[in-house]
Amino acid sequence: MTDAVLPTQRFRVVVQAIRSASTAGALTLLVGFGALNVISTPQPHEPAEQIGMQSGPLDDMMQLNRCSFTGFDRDVIPSKAIVRTPEGETELVSFDRGWAVFSGDVAGELVAVCLGAPKTTTTS
């Protein structure tokens, strides 16, 4: 009777060993593929250039044309926009062109929307 029980126990031990080995192998592959994806993903070399409120000519353009990075109330309709071209130049354009840049119809990046230069009144 001990001879009949012994092969059954060995079989269970072998099955458990195979199960454990396959689980360990699968987890190793999973971690390895995860690490490979992290390593192969290109990392940025330099931080993206951010425009700040104190950026010289842009600051002057913003103040002169009453611009906002975040927009205005719903009842205020901008007349101009500041965009950055794909070449990196900053331009004051019509609001329609700024909207086309914002919506992706024209290449570039919308920087700000503007009310335009204040109207000067002349007194006689």
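Structure first, text after, so check above.
Residues numbered from 1 in each chain as written. Predicted model: local features only at pLDDT ≥ 70, side-chain atom pairs only at ≥ 80, totals over all residues. Heavy atoms only, no water.

Student: What exactly am I supposed to notice about the environment of phenylalanine 95 here?
Tutor: Tracing the sequence through the fold places phenylalanine 95 in helix H3 (residues 95-103). For the pair formed by phenylalanine 95 and isoleucine 82, sequence separation is 13 residues and the distance between their alpha carbons is 8.6 Å. Other than its neighbours up to four places away in sequence, phenylalanine 95 contacts Pro78, Ser79, Lys80, Ala81 and Val113. (Helix = DSSP H or I, 4+ residues; strand = E, 2+ residues; numbered from the N terminus. Contact = heavy atoms within 4.5 Å.)

Student: Even after reading the chapter, I still don't get the pattern of salt bridges, so can you show me in this structure?
Tutor: For side chains of opposite charge, pairing can occur when their charged atoms come near one another. Enumeration according to the criterion identifies two salt bridges in this entry. In this structure, glutamate 109 and arginine 84 form a salt bridge, with 3.1 Å as the shortest nitrogen-oxygen distance. Residue glutamate 109 is located in strand S4 (residues 109-114), and its partner arginine 84 is located in strand S2 (residues 80-84); the two are separated by 25 residues in the primary sequence. Across the pair glutamate 91 and arginine 97 runs a salt bridge whose closest N-O atoms are separated by 3.4 Å. Classification of glutamate 91 by relative accessible area gives partly exposed; the value is 26%. Accessibility expressed as a relative area gives 33% for arginine 97, which makes it partly exposed. (Salt bridge = Lys/Arg side-chain N within 4 Å of Asp/Glu carboxyl O. Buried < 20%, exposed > 50% of the residue type's maximum accessible area, 1.4 Å probe, protein only.)

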